[in-house]
Each structure stands twice: as C-alpha cells, then as structure tokens.
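Inside the fold
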Amino acid sequence: MTLVVIGPVTHDLVVIGDEKSNKVGGATYFQSFVFEEFYSDYMAIVNCFDERLIDDFPDVGKVRVIKKEDTHFFVNRYPFDDNRDVREQLSNFADMPILKSDLEDILPDVIDGFVLNPLNRYDFPAETVEFLKSFDVPIFLSVQGFLRIPDVKVNDNYTLKLCNFDRLDDILRGVSAIFLDEGEANIIGVDYDVDEIVITNGSLGSRIICDGEIKIDAVECDKVVDTTGCGDTYMAAYISQRLLLKSAENAGNFASQIASEKIRNYGPYNKNK
C-alpha cells in the first residue's frame, strides 16, 4: 500500500537579509524528505512545466510528473533576522489545475491515503477532491492554498492575500485531517466535518482539535537557519505517525521535534544534518 502525496513542485527564491538563493520548493517536495525517512512507501505526484525540478527529490523513482504549461514560482522573504515567523511572499499564481484525468492513469493500485498540498485555489478543483474521496482512504489536506488570492502586482508576481473560499465547506467535508496556521484558522474557523484539525503557530507551538484540544509545545531551537517548509515538514511528520497508529498527541510532539530539527539547517529535513 502507498501514501500518495500530491501538489506542485516550485521554483523558489529565498531572501534572508541580503542573501538570495534559488531553491526547489513546494509542500510535496519538503514532505517527501520526511516520508522518505519515516514512511517510505509513498508516491509524490507533482504538477509543473520544468521537470528538472524533480531531480532534487530524495528518490526520483517515487515521483510522477503531471506536465503543465507553467511552474509555480514563489519569493519567500524573511525581513527580520531575529523573527523567522514573519515571512513575506510573492507568487506568479500559476493556473494549472490537477484534474481527475491527470491522476487516473498514474495512481497506484492500492493506496493508504492521500496528502493534498494546494499552493493556490487553482491546484485542486472540487471535482478532483471528490474523485479522491471516492477511494475511501484517509485524506490529509493543507488548507492554505485554498485561501490564497493575488493582491498587489509586483513586476510579474503578486503579493498574497488570504480570504475565505465559498467552496471550502464542500471540499473539506469528509476529509480525515486538515492543516492550517492560526492566522488561517482565524479566517475560516474550525467548525468542519473532519476528524482532526491541526493548527500550527510557529515558535509558539501547535494545537490539535481531536476529541477535545491538545496543546503541543514547540521544541526549542537555539539556531534558526531556514524556516521555509517548516509547516510542510511538521505536517508530513504528523501524518507519518498517525498512519503508524500513534496517538494525535504523540504525533504532534514528534512533528514538533522534526520541524525543530529541520529549521536548524538550510533546505528540507535531513537526518544526517
């Protein structure tokens, strides 16, 4: 059986102080490194035009590409050296939806669950989500992308604005778990027909709504180097433990530890670092 992780791979420009670096990004990319270590029976499905981006994945053999006419581009700027919880983002808001027809011929025969990582609300049409629900396996979904809309145009990109989405109720109905941060929870609330709601809050920790509320402390990190992809890392670590039948509290504490280890180094999670 296989966990199927779906979402765009991106070309990122990361700006920290005066330093700029071009990197591969996207939630599916960051999560693949965590699953490679803790739940290795996974498949990553990405949509992009530039197929060279998959060369940076931990196991290219586990990646399937849905070829599109564009690639997501993000600028992640951290304006404060002493507070990496603050991030300014721009994006090209690529319109390249993942369709049912894109997935039908590449999904494995037996599936443990799906992880859905939209980066904007074009990525997963409601019809695609309904198709994946028909497999009757757990679906873990990152909410953030559905809330993003373009705001102010800056050259060829746009700043990001978050607002509610009128189809969100239908999309989330029956999903096993959703992941969002406190700012997003303030926009959409937490009253959804899902088993678990996982809400992160950077260095302040996280909370899990699951038969009550569980508070998860952040694991202290004495050297914050790179927080890009930290939430994606937390999400993948949490999912890996839930699929191994660990409790929500144990999964949250494990995810907090792995996220803390990730931000000590540049790039995705790497146990050797």
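Anyway, here's the lowdown on the structure attached to this text. (Residues numbered from 1 in each chain as written. Predicted model: local features only at pLDDT ≥ 70, side-chain atom pairs only at ≥ 80, totals over all residues. Heavy atoms only, no water.)

Next up on the list: the overall build of the chain. Counting its secondary structure elements, the chain contains 8 helices and 15 strands. Taking 273 residues into account, the globule formula puts the C-alpha radius of gyration at 19 Å, and the chain, at 17 Å, falls close to it. For the C-alpha atoms alone, the extent of the chain along its principal axes is close to 50 × 45 × 40 Å. Relative to its 273 residues, the chain shows a buried fraction of 54%. (Helix = DSSP H or I, 4+ residues; strand = E, 2+ residues; numbered from the N terminus. Rg over C-alpha atoms; globule rule 2.2 N^0.38 Å. Buried < 20%, exposed > 50% of the residue type's maximum accessible area, 1.4 Å probe, protein only.)

Looking now at the pattern of salt bridges. Pairing between side chains becomes possible if they bear opposite charge and their charged atoms approach one another. The tally for this structure, following the rule as stated, stands at 14 salt bridges. Note that K62 and D59 form a salt bridge whose closest N and O atoms lie 4.0 Å from each other. What makes K62 buried here is its relative accessible area of 18%. Through salt bridges with shared partners, one network takes in E36, D59 and K62. (Salt bridge = Lys/Arg side-chain N within 4 Å of Asp/Glu carboxyl O.)

Take the sheet that holds strand β2 (residues 10–16) next. Judged by pairing direction, the sheet is mixed, and its 6 strands sit side by side in the order β3-β2-β6-β7-β11-β10 without closing on themselves. The open sheet has two free edges, formed respectively by β3 (19–25) and β10 (148–154), since each of these has just one partner strand. Strand after strand, the sheet turns through a mean of 30° between neighbouring axes, direction not considered. As judged from the 4 bridges shared by strand β6 (residues 72–78) and strand β7 (residues 88–91), these two strands associate in the antiparallel manner. Bridge pairing in β7 links F74 to S91. (Pairing = 2+ DSSP bridges. Axes fitted to C-alpha atoms, helices over the stretch in contact; angles between N-to-C directions.)

On to the side chain of S91, then. Examined against the element boundaries, S91 turns out to sit in strand β7. Accessibility expressed as a relative area gives 2% for S91, which makes it buried. Within the local environment of S91, its side chain forms a polar contact with the backbone oxygen of F73, the two atoms lying 3.3 Å apart. Once you skip the residues sitting within four places of it in the chain, S91 turns out to touch F73, F74, N157, Y158 and L160. (Polar contact = N/O pair within 3.5 Å; in protein donor to acceptor, adjacent residues only side chain to side chain. Contact = heavy atoms within 4.5 Å.)

Interhelical geometry of helix α7 (residues 230–243) versus helix α8 (residues 248–262) gives an angle of 145° and a closest axis separation of 8 Å. You can see that α7 and α8 cross each other, and the crossing is right-handed. On α8, the residues touching C230, T233, Y234, A237, Y238, S240, Q241 and R242 of α7 are A248, A251, G252, F254, A255, S256, I258, A259 and K262. When the residues that make up the contact of α7 with α8 are grouped by side-chain class, the tally is 10 nonpolar, 5 polar and 2 charged. (Left-handed = near helix turned anticlockwise from the far one by under 90°. Nonpolar A, V, L, I, M, F, W, Y, C, P; charged D, E, K, R; others polar.)

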